[in-house]
Amino acid sequence: MSLIPDDVIEQVREAADIVGIIGEHVELKRTGSDFRAPCPFHGGTHRNFAVIPRKGMYYCFVCHAGGDVFTFFMKKLGMDYPTAVREVARRVGITIPERGPTGPDPREPLYSAVAAAADWFARQLLENPEAQVAREYLTTRHFDLETVQPLGLGYAPKGKAFLDAMKGLGVRDEVLLEAALLAKREDGTLAPRFRGRLLFPIHDLRARVVAFGGRILGEGEPKYLNSSDTPIFHKGKLLYNLHVAKHAIRKAERAILVEGYFDVLRLSLAGIEEVVAPLGTGLTPEQAQLVKRHASHVILLYDSDEPGLRATFRAGDELLREGLRVSVATLPGGEDPDTLVQKQGAGGLEGILKDAVDVLERKIQILDRKGFFGTLPGRRRALDRLLPTIRAAKDPITRELYLSRAAEAAGVRKDVLEREAGMRDAGSGMRPGTPTHPASPISHPALPASAEKALLLLMLEGEPWLSRVTEAVDPEELEFPPYRAVFESVADDAVLALDDTSARAYEQLKAEGLGARDPNEMYELAVNWMEARRLERQLEQLDDQLPFESPDRQASLIAEKRRVFDELRKRYPRYKIAKRRRGAPGT
C-alpha cells in the first residue's frame, strides 16, 4: 500500500467531523464544549468517554483509550493506519493520491512499541504504588490526575518492570532498543532508558507517540531526559504539543513558543492552546520551518533571566531566517509561564502577550538599560549584538526597518551599518556561517587554527569524541561562524545542509584529520581554552553590571571579579596574551 503524504493526512484530519464519525458507533451527548458517552472500548455504562472536537481527539477516563479520528477506526474496526486514513478521506470526499513507496511501513514495529509503552507508562502513573512520588509531584505543581490523564502523562518505575511488561506483550528487545526505550550497558545487559521519571509523551504531526521526555523525581541527573533519536523520532524536527496546537495556531494566527513541558501544559489547560516548545534544545531550522507552516507570527515567551534571554534571541534569529514576524513577551522577574498563569490566570498572561515587542526592539531595550549606548565603545559592542538579528531577517522590509532602528539607537549612519552587516545586496536571511563579505575567489581559504578547530577535528573522528565534545561545549560558544555551522551540522548529522562556505571548511577539516596528534592532549587543551573564554565572558558581564549597582553591591561584584580572574589565570595562564595576539574571534 502506498504511503500517504503528511499534508494530505492533515487535510483529511481537519476535514473530518470527529463527533459525527464517532457518533455512528456510540450515543454522544453534549457536556459543555465536549461530548460524553459510555466507552465503546471497555463496554462501560457510565459516560466516561469524552470526544473533544476543538482538539480533534477522544479519551476514556476509565480504560484510558485515546487518540484522533484515525486511531478510533484502528481500535474500533481493526484497521491499520493507512486504511483508516483512506476510510475517513472517503467519508469527507478527499481523494488520496497514489504515489510513494509501496508495501508496509518498515517502521511500524517501532510505532507499535512506543504506543504500547505509552499506554503502560500512563497506567503506572495512575495505579502503581511507586508512582505516588509522581502523583505528589504533580500536586505540588497544581496539576490533578484527572486533568493530565487525557494528556497521556506517565510514570516509568525503577527496576525491570517495564522489561517484563513489554515481554508479556510480545515486544522484542531489538525493537525496544531501536525505539530508544531500552539502553545497553557496557556489560551487554539491557535496562529501561527511563527509570523513576515522570514522562511526557512526544507526538509527531500525525498524533502518534514517537518518544518521551522524562523528568527525574528526586536526586539525579539529568533533570530532564529525552528519548534519543530513532528512525521515527528526531528531536530537532518536532515541537512538543504541535500535533494539538496546530489547529489553534492557525485560528489565532500566532504561535507561542515556551521552553518547558509544564509551561505548555499550563497554558493549554488555561485555554491558550496555540503553544509549543522545543524538545530540550535550542530551536533548530527544521523546527522554525514547522512553525512557519502554521503561522506567520511567533511570540517568544521564555524566562527573563540571562539564560532565558540568550535562548530567546537565538530562537528569534532562527525564526527570522524563515521570514516570520517575531515578538518577545517579557515576564516579571522570577516568573515563568507556568507560575504566572497559576497566579494570574489566562487573563494575566494575555496582558503580557499583548505587550510583546519586536525581537530587535527587545534587544535594544536591554542594551539601553545596561548603558551600552552611553559610550562609544558601548555602542560598538551593542551593534555587535544587534547585527546577528539584522542579518537573520529574511523579509526585506523587516531588514530595512531593523537597519534604520539600529542605526538610530547607536547614532551611526544607516549606510555605514548596512555595509557592516554585509547586506547591501543580500536578498534573504543569513544563517550562521554565511559570509558577510564578498565571496573569496579562493575555493578553499585557509582556516584559522584555534581550540574551535581542534574540537571539530576531534568530532570528525566519530565516537567517543563526538559525544565528549558535544557534552563539553555548546555550539553558540564557537565564535568563527563556519566552525559553528560545522559543529552544529556534525552534531545533528546534517552536513548536507551546510552552505558553501561552511561546506568548504568541513571538507578541509575532514581532509586534514588528526594526523599524529594526541587526541587526549588536544581535547584537554581545547576544552580548557573554551572554559577560559566562558570565564572571560563572565568578567565582561561583571564589568557591564558594575556601574549600575550600589556601593555595597559593587564591592561584592569586585570580589567576584577577582575570583573569576584568578580562576581564569589558573585555568589557562597564557590566555590573555594569546587572545590579544590572535586578533579576531576564532583565529
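Residues numbered from 1 in each chain as written. Predicted model: local features only at pLDDT ≥ 70, side-chain atom pairs only at ≥ 80, totals over all residues. Heavy atoms only, no water.

Looking at this model, I keep getting lost on the overall build of the protein. Mind explaining?
Secondary structure summary: the protein contains 25 helices and 16 strands in total. Within the protein, the fraction of its 587 residues that count as buried is 49%. Here the contacts in the protein between residues at least 6 apart in sequence split such that 63% fall between residues at least 24 apart. Summed over all atoms, the accessible surface of the protein reaches about 28,300 Å², with 51% contributed by carbon and sulfur. (Helix = DSSP H or I, 4+ residues; strand = E, 2+ residues; numbered from the N terminus. Buried < 20%, exposed > 50% of the residue type's maximum accessible area, 1.4 Å probe, protein only. Contact = heavy atoms within 4.5 Å. Areas by Shrake-Rupley, 256 points an atom, 1.4 Å probe, with all protein chains shown as cover.)

Please explain the packing of aromatic side chains as it appears in this structure.
Any two aromatic rings considered together are summarised by their centre-to-centre distance and by the angle between their planes. Applying the stated rule across the entire model yields 21 aromatic pairs. Ring centres of Y58 and F72 lie 5.7 Å apart, and the angle between their planes is 85 degrees; this geometry places the pair in the edge-to-face category. Note that Y58 is positioned in strand β4 (residues 57-60) and F72 in helix α3 (residues 69-77), a separation of 14 residues in sequence. Here F72 falls in the buried class, since its relative accessible area comes to 0%. With a centroid separation of 5.7 Å and 65 degrees between ring planes, the pair formed by W120 and F121 is classed as edge-to-face. (Phe/Tyr/Trp six-rings, centres within 6.5 Å; stacked < 30°, edge-to-face > 60°.)

What exactly am I supposed to notice about unusual backbone geometry here?
As a rule of thumb, non-glycine residues mostly have phi less than zero, and peptide bonds are mostly trans rather than cis. Residue P222 follows E221 across a cis peptide bond; omega there is -10 degrees. Locating P222 in the fold gives a position in the loop between β10 (209-216) and β11 (224-226). In the Ramachandran plot, A207 falls in the positive-phi region, its phi being about 70 degrees despite a non-glycine side chain. Among the secondary structure elements, A207 is positioned in the loop between β9 (197-203) and β10. A residue is classified by how much of its surface remains accessible, and A207, at 28% relative accessible area, is partly exposed. Even without a glycine there, the phi angle at E253 is positive, about 60 degrees. With respect to the helices, strands and loops of the structure, E253 is situated in the loop between α10 (242-252) and β12 (255-257).

Would you take a moment to explain helix α19 (residues 451-459) for this structure?
Since one α-helical turn is 3.6 residues long, residues separated by three or four positions face the same way. Among the nine residues that make up α19, nine are buried, leaving the element largely enclosed by the rest of the structure. Regarding α19, the residues found buried are A451, E452, K453, A454, L455, L456, L457, L458 and M459.

Would you mind going over the environment of A393 with me for this structure?
Here A393 lies in the loop between α16 (376-392) and α17 (396-410). For A393, a relative accessible area of 0% translates into the label buried. Measuring from C-alpha to C-alpha, the distance between A393 and L319 comes to 8.6 Å, with 74 residues separating the pair along the chain.

Honestly, the pairing of strand β3 (residues 49-52) in this entry has me stumped. Any pointers?
Looking along a regular strand, one sees the side chains alternate between the two faces of the sheet. Residue alternation in β3 divides its side chains into two sets, F49 and V51 and A50 and I52, and both sets are buried. Of the pairings in the sheet, the one linking β3 to β4 comprises four bridges and is antiparallel in character. The partner of I52 across the bridge, within β4, is M57. If you look at the hairpin formed by β3 and β4, you'll find four residues sitting between the two strands, and G56 has a positive phi there, around 65 degrees. (Pairing = 2+ DSSP bridges.)

Whenever I open this one, helix α22 (residues 500-512) confuses me. Can you help?
The end-to-end C-alpha distance of α22, which contains 13 residues, comes to 18 Å, matching closely the 18 Å that a straight helix rising 1.5 Å per residue would cover. Close packing links the buried residues of α22 with α19 and α21 (481-491). Phi for G513, located one or two positions after α22, is positive at around 65 degrees. (Expected span 1.5 Å × (residues − 1).)

When you look at the confidence of the model for the protein in this model, what are you seeing that I'm missing?
Detailed conclusions should not be drawn from predicted coordinates in areas where pLDDT is low. Across the protein, the average pLDDT comes to 85, with 89% of residues at 70 or higher. By mean pLDDT, helix α25 (residues 575-582) is the weakest element of the protein at 41, and β12 is the strongest at 98. Low pLDDT, under 50, characterises residues 433-446; the predicted model gives this stretch 20 contacts beyond four residues in sequence or across chains. Overall, residues 575-587 carries pLDDT values under 50, and its contacts beyond four positions in sequence, including any with other chains, amount to 28 contacts. (pLDDT = per-residue confidence, 0-100.)

How do you make sense of the environment of R413 when you look at a structure like this?
Counting through the fold element by element, R413 comes out in the loop between α17 and α18 (414-421). The exposed category is assigned to R413, whose relative accessible area is 52%. Among all residues touching R413, those that are not within four sequence positions of it are A407 and R419. For R413, the side chain forms a polar contact with the side chain of D415, separated by 3.0 Å. (Polar contact = N/O pair within 3.5 Å; in protein donor to acceptor, adjacent residues only side chain to side chain.)

Would you mind showing me how to read the sheet that holds strand β16 (residues 357-358) here?
Within a sheet, each strand pairs with its neighbour through backbone hydrogen bonds, oriented either parallel or antiparallel. One open sheet accounts for five strands, arranged β13-β12-β14-β15-β16; its pairing is mixed. Lying at the two open borders of the sheet, with one neighbouring strand each, are β13 (275-276) and β16. Direction of pairing for β12 relative to strand β14 (residues 297-300): parallel, over a ladder of three bridges. Across the sheet, the residue bridging to L257 is L300, located in β14.

Could you clarify how one ought to interpret empty space enclosed by the protein in this entry?
Empty space among the atoms becomes apparent when a probe as large as a water molecule is rolled across them. Within this structure, the stated rule accounts for three cavities of 30 Å³ or more. The volume enclosed by the largest cavity comes to roughly 80 Å³. Every residue lining the largest cavity is listed: D6, D7, I9, E10, R13, L205, R206, K246, R250, R293 and H294. For the lining of the largest cavity, the elements supplying multiple residues, two or more each, are α1 (6-15) and α10. At five residues, the largest contribution of residues to the lining of the largest cavity is made by α1. As for the second largest cavity, its lining consists of L300, Y302, D303, S304, L309, T312, V328, A329, T330 and R362. (1 Å grid on protein atoms, 1.4 Å probe; cavity = no way out; pocket = protein on both sides within 12 Å on 5 of 7 lines; lining within 4 Å. Points joined across faces, edges and corners; volume = space filled by probe spheres on them.)

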